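Architecture and fold: a report
Take a look at the letters that make up each chain.
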Amino acid sequence: MSATDTRAGAATAAARPAVKPLDFLDLDALLTDEERLVRETVRQWVQERVMPGIDGWFERGEFPLEVARELAGMGLLGMHLTGYGSAGTNAVSYGLACLELEAGDAGFRSFVSVQGSLAMFPIWKFGSEEQKQEWLPKMAAGEVIGCFGLTEPDFGSDPAHMRTSARRDGSDWVLNGTKMWITNGGIADVAIVWARTDEGIRGFIVPTDSKGFSAKNIERKLSLRASVTSELILDDVRLPDGGVLPGVTGMRGPLSCLDEARFGIVWAAMGAARACYQCALDYSKSRVQFGKPIGSFQLTQEKLVNMLLELSKGSLLALHLGRMKDDGRLLSEQVSLGKLNNVREALRIAREARTILGANGITLEYPVIRHMNNLESVLTYEGTSEIHTLILGQAITGLQAFE
Ligand SMILES: Cc1cc2nc3c(=O)[nH]c(=O)nc-3n(C[C@H](O)[C@H](O)[C@H](O)COP(=O)(O)OP(=O)(O)OC[C@H]3O[C@@H](n4cnc5c(N)ncnc54)[C@H](O)[C@@H]3O)c2cc1C
């Protein structure tokens, strides 16, 4: 066989399937018909509803809530939960939806992650039957928007030391404190707020029209611009006893929600990476320098191939973790491995893609720098890359290096 002969194994020249640059390992063949349908439906929606407007929304720092509410019509809000109006899909379908949304823009994927995994999931997992009946159907339908308040101005990676407090006053709870960097905060109808109590950390369902609750949007972001990020202020917010999530006490509550959202990010990062790789690949074939397409230069090909390697490995990893989750055997440390690897590699792919676009790589005429900037947020939220490194370090050595 010569060095350029690309036959492999049983794929003879006659029966040889065509190489697919965007699905090189034919992962498509590993999906069920239902999973492919979810993927195609979301991909098409992104093409029709996100792509025409995203540059403008990003540039103006706007999140088009009315467009995002359409996601409810496709059953994407809380899609991996069962009952209470949720679609009840498997984890792989949820991952594929996150991937396709993020290939459009991380703002839409963040909206879906927060609504489903961070706001609906804690009610679904730890709420009373009454709370589930009251909130979940309206949230699945997009009539009620949720947010998740864990981070504070002084406590990000170390949320266990949060200051926000909830104290009993008769049968009521009274909440005080400030939450920071809260996605959907300014557009939310309900906030899941984590607060310290005499019994430990507890989760509260706080309607945002409660007296003493206010939200202030964070301006001047250069990342995730098509997404609302806010500060939440709780000033003697009074809730009835039915406002606390009865099913959990301690950091296990918020951390289990983060596991759900991080799982989606493992996939989503590959969506941003695919969009950057696709853009760089197309550009490399049409941009001519020195009389030839830049894709014909060895240095450019090496960049594209390195992107292909990481995109293929990261997508396989996401699918593997998805199958483990659907089997009920996925560990949170394994989710950390996926989040750490896939976001880090997606960011590398985005940066490499940007170089292939030259000066065009810094404009919003192409999606690459938008994804690259968005990924800086994705690298930080849901546990920074350093924190996931420490989680993995502890898992394999048995020694914790957080403090
Ligand atoms: C766009 C956006 C949206 C967000 N949405 C939400 C949301 O909806 N809800 C929510 O609750 N939060 C949200 N966050 C907050 C996010 O989860 C925090 O920013 C994140 O946990 C990091 O906290 P921090 O920014 O305070 O950084 P810090 O914790 O101050 O960390 C700063 C640096 O120090 C490093 N570091 C910290 N501790 C250690 C250690 N022990 N060892 C080594 N390095 C360490 C970190 O890795 C990081 O590099 C969002 C953030 C962004 C940017």
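About the criteria used
- Residues numbered from 1 in each chain as written.
- Predicted model: local features only at pLDDT ≥ 70, side-chain atom pairs only at ≥ 80, totals over all residues.
- Heavy atoms only, no water.
- Helix = DSSP H or I, 4+ residues; strand = E, 2+ residues; numbered from the N terminus.
- Expected span 1.5 Å × (residues − 1).
- Buried < 20%, exposed > 50% of the residue type's maximum accessible area, 1.4 Å probe, protein only.
- Contact = heavy atoms within 4.5 Å.
- Near = heavy atom within 4 Å.
- Polar contact = N/O pair within 3.5 Å; in protein donor to acceptor, adjacent residues only side chain to side chain.
- Areas by Shrake-Rupley, 256 points an atom, 1.4 Å probe, with all protein chains shown as cover.

**Side note on helix H10 (residues 368–380)**
- The terminal C-alpha atoms of H10, which comprises 13 residues, lie 19 Å apart, in line with the 18 Å expected from a rise of 1.5 Å per residue.
- By the burial criterion, the buried members of H10 are Val 368, Ile 369, Arg 370, His 371, Met 372, Asn 374, Leu 375, Ser 377 and Val 378.
- Contacts from the buried residues of H10 go to helix H2 (54–60), helix H4 (91–104), helix H5 (106–126), helix H7 (252–286) and helix H9 (332–356).
- One or two steps after H10, the chain reaches Glu 382, where phi turns positive at roughly 60°.

**A closer look at the environment of Leu 390**
- Mapped onto the elements of the fold, Leu 390 is located in helix H11 (residues 385–397).
- The class of Leu 390 is partly exposed, set by a relative accessible area of 25%.
- On a C-alpha basis, the gap between Leu 390 and Ala 401 in space is 6.3 Å, while along the polypeptide they are eleven residues apart.
- Excluding residues within four positions of it along the chain, Leu 390 makes contact with Ala 401 and Phe 402.

**Regarding the site of the ligand**
- With respect to spatial proximity, 17 residues lie near the ligand, and among them Thr 151, Ser 157, Trp 181, Thr 384 and Glu 386 are the closest.
- One of the backbone nitrogen or oxygen atoms of Phe 148 is found 2.9 Å away from a nitrogen atom of the ligand.
- Separating a nitrogen atom of the ligand from a side-chain N or O atom of Thr 183 is a distance of 2.8 Å.
- For the ligand, whose free accessible area comes to 980 Å², the fraction covered by protein is 69%.
- When residues of the shell around the ligand are assigned to their parent elements, the largest contribution, three residues, is made by strand E3 (residues 172–183).

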